[in-house]
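# Reading the structure
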Amino acid sequence: MKLYEEIKNVLVMRPNERCEIPEYILENLNLHIELRPYQKEALQYYLFSRKNPELQMHLMFEMATGSGKTLMMAALMLECFKRGYENFVFFVHSSAILEKTKQNFSNPQSSKYLFAPDIVIDAQNIAINVCKNFNESKAGQINIYFDTIQGLFSLLNRERENAFTIADFKGKKLVVIADEAHHLNAQTKKKQSQKDQQDMQSWEGVSQEIFKAHSENMLFEFSATLPREKSVQEKYEDKIIYEYTLKDFRHEGYSKEINLIKYEGAQREKRILGALVCSLYRQEIAGLHKIALKPVVLFKSRTIKESNENQELFFKMLDELDVGELEKFFGGVLEGFGVLYEAKKFFQQRSLEQVLRDLKREFQAHFIININDTTELETNQILINTLEDGGNKIRAIFAVDKLNEGWDVLNLFDIVRLTEGAINDTPKEAQLIGRGARYFPFEAGGEYRGIGERYKRKFDTLSVPLRALEILCYHAEGENAVIHRLRAELKQMGLIDDDREYIELKLKEEFKASKIYREGYFAANKVSTIKNAIKNAHSENPCVGGYFDLKALKEAIDIFKSPLQVRLVNSSYIQEIKVLDEDMEQKEELEGLDDRQNRDFKELCGSVILKAMDKSGEFFTFENLKQVFDGIKGRGEFIEKYFAPIKLELDKRQTHISPQTRLEIALFVCEAFKNQIQAKIQTLSIQDWYLIPLKFLGDKVITRAKKQNTQDGKNGKNSKEEQGSAIDVTKFQWFAFKNFVGTSEEMRFVEVISGYATKLDEKYTQWFLIRNERNPEMAVYVDESDKNSSDPLKRNDIRRFEPDFYFLGCPKDDDGIEILQCLIEPKGKGFVEKDEWKEKFLKRLLSTPVIVENNEKKFKFSRVKVIGLPFFTESDTNKFNEALEESLLSQAKS
């Protein structure tokens, strides 16, 4: 069993042992980069492993390309520094990515800098010191030596002034961090290529020699593609602290989807033009939705000579392109071409002359680079590592192999294979596609406002133009053997699914023509961390007040509930106490000073509180305080309002309180206050209900594992039936979709609704039943937290609920309600008890409906009343029917 599996099993059985991520990590990472759930879990597994007295000092994080490994490395650096490690050796495989990596860790001006502008740990400002050797190491700083493993190997084996020798590492406690660490295993592999044998002398040998130079050294390896050889897997079985595969990454929505576009014939011009059309289409769609995006195309060749020839062909094709050629090209683009087909439909609605002008303007020569050009190597390296920056105008890149590793790019949307015949290295080609599949984060506006999360796919199940911003296209000649091998490799990596079936669900034309669809809204709520809620509120309205008021805080955090116990400060005084201990009379007299134990924080430390706040980092800047705390106009007012109520319990021996002691106490209180507030703002919070346009619903394609007709010996049912089948409901004019995927129990529910159709027609001007087919926007969140529980997971228990059906109707006797929304959940007998919390929530809505409205004039049908019904079960339809009659058939009047 792998190390992470052992930890996972322990935490499932004993969730109380899950470690919270320390605030000194969270607050010292880049404020604009939030740790994702899987990154937090990886850190929690690591922190749990630290509790083990026989700690494994050599750990492997096997995490997908694009999953944020470098942010994890930065977090680990902070954790290790806190524990006394000040020297870090960071090495990579390729010199091409060395400078980029160095910038990310050490240059605060870099757009991808990983740390906060000011790193503060234990009230001390910590600097990043990049050093050439550890003679340049500075006490109290994070000292990092960057190199390639080949460069480090060379330094260790050739005597040179100011260079490292292995002696430099002996006697120094340090942390070794290896990126793209699959290269470290040349020696472990049983079958070694010539390159493996060369690597054996450098990668694995050097890393191990440095790691073993001190008994307390730590080695963190990171890899997206750990070799699958048995010998390598056995080596890492007790070292893999966390595993997050590309398949996990994709299925959780953090990557683009892949669209393989096959072109018949060997004309490279077709592939070039297809990619340019797709790129221009994405740019237009992004612009229409006010999303800042400059899509990039990568043209891949086998050799530098071919790459140069393809660049010349590119300019020639674009120069000679005319409307006739463009029209002819579109004529050969069929429905199976995915994004390219959508682009064709889009551009055919406008003047092709304008499309031609746009193509020639956007892909001018000075917007194109050839990364193989050694004369511009440094400039080109900067350009390809800043492709997302606003001032970077590059639209297309010609390359061979220089971008296969370490290239962090989010706005690459098209890869064009400009060679014919077999791919020499299919896994390498698939890894390049995986690198390009990194998701470009955006927030949808307009009618799609509020849908999905910024860093995850939002439109998997919706046929909308913005879907094109979530797909990477790979353009290749239509060679069956090549595409077949590439598809197989992508499937193994988890980037595509061949073992899944696709079911198309179409909306009825009558529903799309209805007024409720064209102008109506439905209501949902959201969940986010309190930290994100604060950030979002202030981005929308900078003048909005702080999130917490004093009353809410007094109920939420411990520092207001009881006196804060302050440790003894001033070491010289501790020595004095030891002397006094010899005199029993003086000791008893000292212990009797109980009246000096409880003090008001502001009264005791008032003169030095501002200084302590300054030393405690960005949290206590007024810019931050005014966002978190309500009703303050300055830091002085913050002290009066939020620090004055804090009571302290001093150590009984703390009789002498000098100005320095007051400052130490103030620093201690500031840290305690900050830690408790930051722990609170990391918890989840359900946000207000809001309105979403109903017309966001479109035709859908749902995917699921292919069904197997296997018998379940326990109950005689086959898995195909349990999984649900596509059911035709065209005969029900009030059902929004022509079909839905459901069980026999759900179909029975639809038939019950059919029995009430006449009565519902009498109460509503129009009404529809909508099957919620995995629409994340139609999910609601339920707070099942137990604030008095000793289990931290139960104290912040926010649960996601996706009701199976939505009833939406416009009451004739509306009483100000324009749309009545009812959440309905058919439930099999075996799941009623397990999902009891859902039914409680539905019943709460029934007894206490939620009214959601938007008073802006542009919104119609924008006062929505949300109710729920108890579970529909075949075994007890009477309870459901009674509730339906008392709600849907009476709510229209109330």
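Just so you know, these numbers come straight off a predicted model, no measurement behind them.

## Some words on the environment of Gln56
The residue Gln56 is located in the loop between helix H3 (37-49) and strand E1 (58-63) in this model. As for Gln56 and Ile241, which are separated by 185 residues in sequence, their C-alpha atoms are 9.6 Å apart. Other than its neighbours up to four places away in sequence, Gln56 contacts Met218, Asp238 and Lys239. Side chain to side chain, Gln56 and Asp238 meet in a polar contact 3.4 Å long.

## Structural notes on the packing of H3 against helix H4 (residues 69-82)
Where H3 meets H4, the closest approach of the two axes is 11 Å, and the angle between their N-to-C directions is 35 degrees. Here the hand of the crossing between H3 and H4 comes out right-handed. Here H3 contributes Gln39, Ala42, Leu43, Tyr46 and Leu47 to the contact with H4, which in turn contributes Leu71, Met72, Ala75, Leu76, Glu79 and Cys80. Partitioning the contact of H3 with H4 into residue classes produces nine nonpolar, one polar and one charged.

## A short note on the packing of helix H10 (residues 268-288) against helix H12 (residues 323-331)
Geometrically, a packed helix pair is captured by the angle between its two axes and the distance between the axes. Put simply, H10 and H12 touch, their axes get as near as 11 Å, and they point 90 degrees apart. With respect to their mutual orientation, H10 and H12 come out roughly perpendicular. Contact residues: H10 offers Lys270, Leu273, Gly274 and Val277, while H12 offers Leu326, Phe329 and Phe330. Residues belonging to the contact of H10 with H12 are distributed by class as follows: five nonpolar, one polar and one charged.

## Side note on the sheet that holds strand E33 (residues 863-868)
In space, the five strands of this open sheet follow the order E27-E30-E31-E33-E32, with mixed pairing throughout. Of all strands in the sheet, those with a lone pairing partner are strand E27 (764-771) and strand E32 (850-853), marking the two edges. Adjacent strand axes in the sheet meet at a mean angle of 20 degrees when their direction is disregarded. Alignment of E32 against E33, held across four bridges, turns out to be antiparallel. Pairing of Ile851 across the sheet is with Lys865, part of E33. Contacts from helix H33 (residues 836-847) reach strand E31 (819-824), E32 and E33 within the one sheet, and its direction differs from that of E33 by about 130 degrees.

Analysis parameters
- Position numbers for residues start from 1 in each chain and track the written sequence from start to end.
- Local features in this predicted model are restricted to residues whose pLDDT is 70 or higher, and side-chain atom pairs enter the listing and the counts only when it is 80 or higher, whereas totals over whole chains, interfaces and linings include all residues.
- Values reported for side chains reflect all heavy atoms of the structure, with hydrogen atoms and water molecules removed beforehand.
- A run of DSSP states H or I qualifies as a helix once it reaches four residues; a run of E qualifies as a strand once it reaches two. Both are numbered from the N-terminal end.
- Residues are treated as being in contact if the distance between any of their heavy atoms lies within 4.5 Å.
- Pairs of N or O atoms are called polar contacts if they sit within 3.5 Å, as long as, within protein, a hydrogen donor faces a hydrogen acceptor (for residues adjacent in sequence, only side-chain-to-side-chain pairs).
- Angles here are taken between N-to-C directions and fall from 0 to 180 degrees, while the axes themselves are lines fitted to C-alpha atoms, restricted in helices to the stretch in contact.
- By the definition used in this description, the sense in which the near helix is turned from the far one sets the handedness, with an anticlockwise turn below a right angle giving left-handed and a clockwise turn giving right-handed.
- Each residue gets one of three labels, nonpolar for Ala, Val, Leu, Ile, Met, Phe, Trp, Tyr, Cys and Pro, charged for Asp, Glu, Lys and Arg, and polar for the others, Gly among them.
- Oblique is the label for any angle not covered by the other classes, which are roughly parallel (under 35 degrees), roughly antiparallel (over 145) and roughly perpendicular (65 to 115).
- Think of it this way: DSSP has to see at least two bridges between two strands before they count as a pair.

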